[in-house]
Amino acid sequence: MKSFQRVIMYSLVFLIISSCGNSKEEPSALQNTDSLILQWDNAWNSADAATVMALFTDDIHLFMDTVYSGKSNLEKDFVVPSVAILRNLHCVKIAEAISEDLACQSGSYSHDWTRNDSIVGNQKGYYSLVWARQSDQSWKISNIHIH
């Protein structure tokens, strides 16, 4: 239960910070994070490292039992090894927060681990993803927390 409470806490902190920083009165063009998390699920389920890497900012940070900083480190040390064995990723939103230039979704995930195209295990946990709006108005993931 502590992990779930942390997910909610991170989402609430993000909501408070983002709402204080959003001084413009016009609403964000992004109404929810559903399409963003669908891109995340689909990218991992494609089993293609380039598709996953296209979702990230250059200064991406991943926090889990190890911290990965920067796109090249994340690709080499996390994405390439993981995309080869991770299948059937499914994320379920618990909370989200959206400002003009940032969006966050926290929730639970499940996926399978494979070896030689056979499922050898399952993983469940919690995640928080933060997207930053880019100058071309696209959304890229800038921070990830997986536990």
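Above: the structure in question.
Residues numbered from 1 in each chain as written. Predicted model: local features only at pLDDT ≥ 70, side-chain atom pairs only at ≥ 80, totals over all residues. Heavy atoms only, no water.

## Focus on the overall build of the protein chain
Scanning the protein chain from N- to C-terminus turns up four helices and six strands. Its helices and strands taken in sequence order, the protein chain reads α-α-α-β-β-α-β-β-β-β from the N to the C terminus. Counting over 147 residues, the protein chain shows a buried share of 39%. (Helix = DSSP H or I, 4+ residues; strand = E, 2+ residues; numbered from the N terminus. Buried < 20%, exposed > 50% of the residue type's maximum accessible area, 1.4 Å probe, protein only.)

## Let's talk about the nonpolar core
Counting 30 residues, the largest nonpolar core has Trp40, Trp44, Phe56, Val79, Ile141 and Ile144 as its most contacted members. Broken down by secondary-structure element, the contributors of at least two residues to this core are α2 (34–45), α3 (49–53), β1 (56–63), α4 (71–83), β3 (86–98), β4 (102–115), β5 (118–133) and β6 (139–146). Tallying contributions element by element places α2 first for this core, with five residues. Not counting chain neighbours up to four residues away, the residues in contact with Ile141 comprise Trp40, Leu55, Phe56, Thr57, Ile60, Leu129, Val130 and Trp131. (Core = buried A, V, L, I, M, F, W, Y, C linked by side-chain atoms within 4.5 Å. Contact = heavy atoms within 4.5 Å.)

## A closer look at unusual backbone geometry
A positive phi is found at Ala47, a non-glycine position, where the angle reads about 60 degrees. Along the polypeptide, Ala47 turns up in the loop between α2 and α3. You will see that Asn116, though not glycine, has its phi angle at about 55 degrees, which is positive.

## Structural notes on the pairing of β5
The pairing of β4 with β5 spans 14 bridges and is classified as antiparallel. Bridge pairing in β5 links Gln105 to Leu129. Relative to β6, β5 runs antiparallel, the two sharing seven bridges. Along β6, the bridge assignment pairs Ser128 with His145. The turn joining β5 and β6, which pair antiparallel and follow one another in sequence, is formed by five residues; a positive phi near 75 degrees is taken by Gln137. (Pairing = 2+ DSSP bridges.)

## Description of α4
For α4, built from 13 residues, the straight-helix expectation of 18 Å at 1.5 Å per residue is missed by more than 12%, its first-to-last C-alpha distance being only 15 Å. Taken as a whole, α4 carries its principal kink of about 30 degrees at Asp77; the proline Pro81 stands between one and four residues after it. Regarding α4, the residues found buried are Leu74, Phe78, Val79, Ser82 and Val83. In this structure, the buried side of α4 is in contact with α2, α3, β1, β2 (67–69) and β3. (Expected span 1.5 Å × (residues − 1). Bend = angle between axes of the 7 residues up to and from the residue.)

The quantities given are spatial measurements derived from coordinates; they are silent on function.
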